[in-house]
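Observations on the three-dimensional arrangement
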Amino acid sequence: MPELPEVETVRRGLLPVLEGGLIARAEVNRPDLRWPLPERMAERLTGRRVTALRRRSKYILADLDSDETLLVHLGMSGRMLISGAQVGVHYRDHPAPQKHDHVVLHMAGGARITFNDARRFGAMDLMPTGGAHPLLEGLGPEPFGNDFNGPYLASRLKGRRTPIKSALLDQRIVAGLGNIYVAETLYRARISPLRLAGDLAEAQAQALVPLIREVLAEAIEAGGSSLRDFRQANGELGYFSKHFQVYDREGQPCETPGCSAVITRTIQSGRSSFWCPACQR
Ligand SMILES: [Zn+2]
């Protein structure tokens with residue numbers, strides 16, 4: 001499941017092809033993804049220029065010169081592929097159409113952007129630029145934004161009787177964090193995912209903010225290098241390999257110097273938490 005760094009990597013990969021580009025033709029091959037696609041979607045995209053390509057939380061937002069914005073969510077398995085353009089050091093020719101190519105943007109310059117999603121948990125919609133959308137409503141601040149700071153996070157965690165892991169996954173508190181980067185953040189903070197959010201000392205709560213930014217920035221940097229050398233020879237954006245310190249490392253030795261414990265996995269709210277029971281309290 002793509003989290004903020006993967007979505008940001010997709011956005012940066014799309015930037016040179018999409019931002020400022022003209023959509024010569026849009027192909028919409030089915031009426032719905034997770035939800036119905038907007039009415040006359042192909043018609044509303046065709047002939048439009050993309051004036052800006054933004055990200056909010058895990059959503060990519062393409063502003064059009066029609067004062068509409070195309071909202072894209074990759075869902076669980078959604079993939080963006082670029083062909084007919086240079087990406088990083090590689091050029092990829094247009095592939096033969098694949099099953100599950102649901103939306104294809106044919107750019108005036110010859111590039112093609114294909115949204116392929118086998119499981120169809122992804123979503124696309126058109127909304128007025130700058131307007132409200134149900135999926136964006138109630139989202140908390142961006143982790144890199146000024147509204148997200150130590151005092152803010154401490155105040156949101158104060159008195160909360162839910163585990164810190166659940167609190168950091170709560171998109172109303174901070175937007176864009178998911179299971180992977182919450183695990184990595186709590187490991188660096190040496191805080192158990194089971195600790196109640198409200199039990200954290202003020203200083204501990206505040207110290208989470210720079211750690212969240214550090215973990216996300218490192219992942220975005222890893223995504224950036226994957227775009228530059230573009231190892232994904234199939235033209236796919238956004239999925240890159242990165243070393244995790246705890247995520248998905250159950251049974252492997254803890255990487256903290258001097259710690260001889262192994263990483264454990266605990267199920268919380270139906271999802272795996274990976275953590276070191278010796279380092280994280
Ligand atoms: Zn440890």
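Structure: see above.
Since we're looking at a predicted model, the values are computed, not measured.

Some words on the coordination of the zinc ion
With distances of 2.2 to 2.3 Å, the protein atoms coordinating the zinc ion are Cys-254 (SG), Cys-259 (SG), Cys-276 (SG) and Cys-279 (SG). Taken together, the four donor atoms surrounding the zinc ion define angles of 106 to 114° at the centre, an arrangement classified as tetrahedral. Sequence spacing of the donors to the zinc ion: C-x4-C-x16-C-x2-C. Pair noted here: Cys-259 is in the loop between β11 (236–237) and β12 (264–268) and Cys-276 is in the segment after β13 (271–275), with a separation of 17 residues, a long-range link.

Digging into helix α3 (residues 150–157)
Buried residues of α3: Gly-150, Tyr-152, Leu-153, Ala-154 and Leu-157, and no others. For α3, the capping residue at the N-terminal end is Asn-149, with a side-chain oxygen 2.9 Å from the backbone nitrogen of Tyr-152. Just beyond α3, the residue with positive phi is Gly-159, at close to 75°.

A short note on the pairing of strand β8 (residues 101–107)
The buried count for β8 comes to seven of seven residues, which makes it a mostly enclosed element. Note that strand β1 (residues 23–28) and β8 share five bridges and pair antiparallel. Note on β8: the bridge partner recorded for Ala-26 is Leu-105. In the sheet, β8 pairs with strand β9 (residues 112–116) via five bridges, with the strands oriented antiparallel. By the bridge assignment for β9, Val-104 is matched with Thr-114. Counted between consecutive antiparallel strands, the loop separating β8 from β9 contains four residues, among which Gly-110 sits at a positive phi close to 105°.

Here's the deal with helix α5 (residues 179–189)
Counting buried positions over the eleven residues of α5 gives nine, a clear majority of the element. Regarding α5, the residues found buried are Asn-179, Ile-180, Tyr-181, Val-182, Ala-183, Glu-184, Thr-185, Leu-186 and Tyr-187. Immediately beyond the C-terminal end of α5, within one or two residues, lies Arg-190, with a positive phi of roughly 60°.

Comments concerning the pattern of salt bridges
In this structure the tally under the stated criterion is 18 salt bridges. Residues Arg-25 and Glu-27 are paired through a salt bridge, measuring 4.0 Å at the closest nitrogen-oxygen approach. Residues Asp-199 and Arg-161 are paired through a salt bridge, measuring 3.3 Å at the closest nitrogen-oxygen approach. Residue Asp-199 is located in the loop between α5 and α6 (202–229), and its partner Arg-161 is located in the loop between α3 and α4 (164–169); the two are separated by 38 residues in the primary sequence.

Reading the values: the criteria
Residues numbered from 1 in each chain as written. Predicted model: local features only at pLDDT ≥ 70, side-chain atom pairs only at ≥ 80, totals over all residues. Heavy atoms only, no water. Donors = N, O, S within 2.8 Å, 3.2 Å for Na, K, Ca; no water. Tetrahedral: all angles 85-135°; square planar, octahedral: opposite > 155°, others 65-115°. Helix = DSSP H or I, 4+ residues; strand = E, 2+ residues; numbered from the N terminus. Buried < 20%, exposed > 50% of the residue type's maximum accessible area, 1.4 Å probe, protein only. Polar contact = N/O pair within 3.5 Å; in protein donor to acceptor, adjacent residues only side chain to side chain. Pairing = 2+ DSSP bridges. Salt bridge = Lys/Arg side-chain N within 4 Å of Asp/Glu carboxyl O.

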